[in-house]
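Report on the structure
Next come the chains, spelled out residue by residue.
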Amino acid sequence: MFESIRKHSKIVMGVLFLLIIPSFVLFGIDGNYFSEKSPTVASVDGKAITQTDWDNAHREQADRLRAQQPGVDSKLLDSPQARYAMLERLVRDRVLATAARQLHLTVSDAQLARELQGIPVIAQLRKPDGSLDTQAYRALVGAQGLTPEGFEAQMRNDLAVAQVMGGVASTAFATPAESSLGMDALLQRREIQVARFDAASYASKVTVNEADLQTFYNDHPTLFRQAEEATVEYVVLDIDAIKDGLTVSEDDLRTYYKENQNRLGTKEERRASHILINAPKDAPAAEREKARKKAEELLAQVRKDPASFAEVAKKSSQDPGSAAQGGDLGFFTRDAMVKPFEEAVFSMKKGDISDVVETDFGYHIIMLTDIKPSKIPSFDEVRPKLEAELRQQQAQRKFAEVAETFSNIVYEQPDSLQPVADKLKLKIQAATGVTRTPAVDAKGVLANPRFLDALFTPESLQAKRNTEAVEVGSNEIAAGRITAYQPAETLPFDKARDRVRSAYVAQKSAEMAQADGVAKLAAWQQAPTSATGLAPAVTVSRDQPQQQPQRLLDAVLRAPADKLPAWVGVDLGAQGYAVVKLERIVPREAEGEAQQKALQQQYSQAWTQAEALAYYDLLKQRYKAQIKVPRPSVNPSEQE
């Protein structure tokens, strides 16, 4: 049936068009008609965070990081752990925003203005008269896809949200006594001797028979469960793939060069010194006239002896920012100064001294000391850069068109990816052992849940057909197909026999090691002088574990030390057992005053963070925050 529909897709589309359009005319179009409802992955205060919200937030974050750090490994950004971290951040943002709203936290205009002025990149946009360069400000926030109004609204919201946790962080404190007690517990050192009872040493003592293996197999079926997995092939279309197939013509490059000369070149810069006699525009006329006469007197003086300009500026200029430097304002471009000042400077020749120039600040005498003419690089100098930019732009414009071709081919020729690979010059990639959920070490599209969901649909599994084109990133789509499939199953005893034997021996070895260790612990506690096999004494602490297992270290540092020596037994699980003799507490080395202060500050910061996390957990409970997808597993090596 599906094959017939595929072969006559155009006829079917025409029939559907005739059937569907009248229903739209009669009943209208539901907003959800064309969009499948996105599943809920989390919720806060009864409001859902959908898969689409999650995907969009992750894509935006990944795009932002790629822009900030072009060399970052994209595979790391698309890992299951990175995606889950983004979901946790979404939940956190929702929780704090809900708290700010419920607590009626607001930000005044004055507070917003102070915060904006404290941002260095915005502070640099101020003109010499103290006003903000609105055009540069608009361009700055526009580069982030925002208007000034949108940026300030976002900033206001961020400040309100920051108040939620700020109240806790700003009031948390720890006294010196608490810090000392806490750091003693953290940095305490203990001298120990260890006797290890390694499970591997008991393996040769385990007696194995067929009946025991069969019983072990029957009692532990999950140990011998073979996970569902597939062998797949897939193709990826992204901007880089399109760029590889593009050729930029010489004419296009030269046209692009001409259109972007101003951007590529440097603006003309001029260096000037000035003498300012203050006279605010709202000052009385008599006061301004007095200031003008003073400026004219100084003008006559420096024109008579131009070499004295710097000295006169130091003595007489009323500009506190430049007077000490002989009036020097450094190099600047057009639009950096108020209009009358700029017009005067950019109409002068090097070495000229201007007439008295009136501005809102008062009266200026200006000397033009240097000129850096604008410089436009030659075509050959910027050709590689221009070619890369033009290819990027052309690839982005062409992506939608090529993506449609990609989608059509993988759908219309569903039995192979070769046609789309040949048409668009893409590489068919293969992978084995692919499962429905991303593997710990999965990279790229194989770490994308949406792509894996598409691979494991019934049609893909049963008919081995191509998936639809799946969006897996910004300007990146993929399609795949399953070439071989192994359903999940419990391996028969005969196939799993070697695994059964290994697991049985490992368990029995650990049990024997533990039994031996427990017996030795009891004996040595009764007769300490009978203890044998203890390793040489070592001093351990949380920051110097001396290669001891974490379980052992935790047990030793938690053990009561009121009566020494003390004996501690530690179950090491599959590794066996350990008996530890706790000899003595080793005093901390004396710290200098600076180190003590640093440790106290470190403890205070940790305490503040702990209180903040506790408060956040309380908010999560209050607003019923839930994450409905499982946390991705971590490599065992990373857990150790």
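We now turn to the structure provided with this report.

**Side note on the packing of aromatic side chains**
All told, the structure shown has 8 aromatic pairs when counted by the stated rule. Seen from their ring centres, Y137 and F151 are 6.5 Å apart, and the 75° between their planes marks the pair as edge-to-face. Here Y137, found in helix α8 (residues 134-142), pairs with F151, found in helix α9 (residues 148-169); they are 14 residues apart in sequence, far enough to count as distant. Each member of the pair, Y137 as well as F151, carries the same accessibility label: buried. Between Y234 and F451 the ring centres are 6.2 Å apart and the planes differ by 70°, which places this aromatic pair in the edge-to-face class. Note that Y234 is positioned in strand β5 (residues 229-238) and F451 in helix α20 (residues 449-455), a separation of 217 residues in sequence. The exposure classification of Y234 matches that of F451, with both residues buried.

**Some thoughts on the pairing of strand β3 (residues 189-198)**
Most of β3 sits out of view: 7 of its 10 residues are buried. Strand direction decides the pairing type here: β3 and strand β16 (residues 576-586), joined by 10 bridges, are antiparallel. When the sheet's bridge partners are listed, V194 is paired in β16 with V580. The sheet contact formed by β3 and strand β14 (residues 538-540) spans 3 bridges and is antiparallel. Note that in β14 the partner of E191 across the bridge is T539.

**Topic: the environment of R481**
Its place among the elements puts R481 in strand β12 (residues 476-486). Spatially, the C-alpha atom of R481 lies 21 Å from that of P80, the residues being 401 residues apart in sequence. Here the side chain of R481 touches K464 through a polar contact of 2.8 Å, landing on its backbone oxygen.

**Section: helix α22 (residues 493-526)**
Each α-helix winds once per 3.6 residues, and so residues spaced three or four apart point in a common direction. Here α22 contains 34 residues, and its C-alpha end-to-end distance of 47 Å stays within 8% of the 50 Å for a straight helix at 1.5 Å per residue. Most pronounced at R499, the bend in α22 amounts to some 40°. Every buried residue of α22 is accounted for by F493, A496, V500, Y504, V505, S509, A510, A513, G517, L521 and W524. Taken together, the buried residues of α22 touch β3, α11 (210-219), β15 (566-571) and β16.

**Some remarks on the packing of helix α5 (residues 80-102) against helix α24 (residues 593-622)**
For the pair α5 and α24, interaxial distance at closest approach is 10 Å and the crossing angle is 80°. Taken together, the axes of α5 and α24 are roughly perpendicular relative to one another. Contacts between α5 and α24 involve V91, R92, V95, L96 and A99 on the former and, on the latter, Y616, L619 and K620. Each residue belonging to the contact of α5 with α24 can be placed in one class, and the counts come to 6 nonpolar, no polar and 2 charged.

Calculation notes
Residues numbered from 1 in each chain as written. Predicted model: local features only at pLDDT ≥ 70, side-chain atom pairs only at ≥ 80, totals over all residues. Heavy atoms only, no water. Phe/Tyr/Trp six-rings, centres within 6.5 Å; stacked < 30°, edge-to-face > 60°. Helix = DSSP H or I, 4+ residues; strand = E, 2+ residues; numbered from the N terminus. Buried < 20%, exposed > 50% of the residue type's maximum accessible area, 1.4 Å probe, protein only. Pairing = 2+ DSSP bridges. Polar contact = N/O pair within 3.5 Å; in protein donor to acceptor, adjacent residues only side chain to side chain. Expected span 1.5 Å × (residues − 1). Bend = angle between axes of the 7 residues up to and from the residue. Contact = heavy atoms within 4.5 Å. Axes fitted to C-alpha atoms, helices over the stretch in contact; angles between N-to-C directions. Parallel < 35°, antiparallel > 145°, perpendicular 65-115°, else oblique. Nonpolar A, V, L, I, M, F, W, Y, C, P; charged D, E, K, R; others polar.

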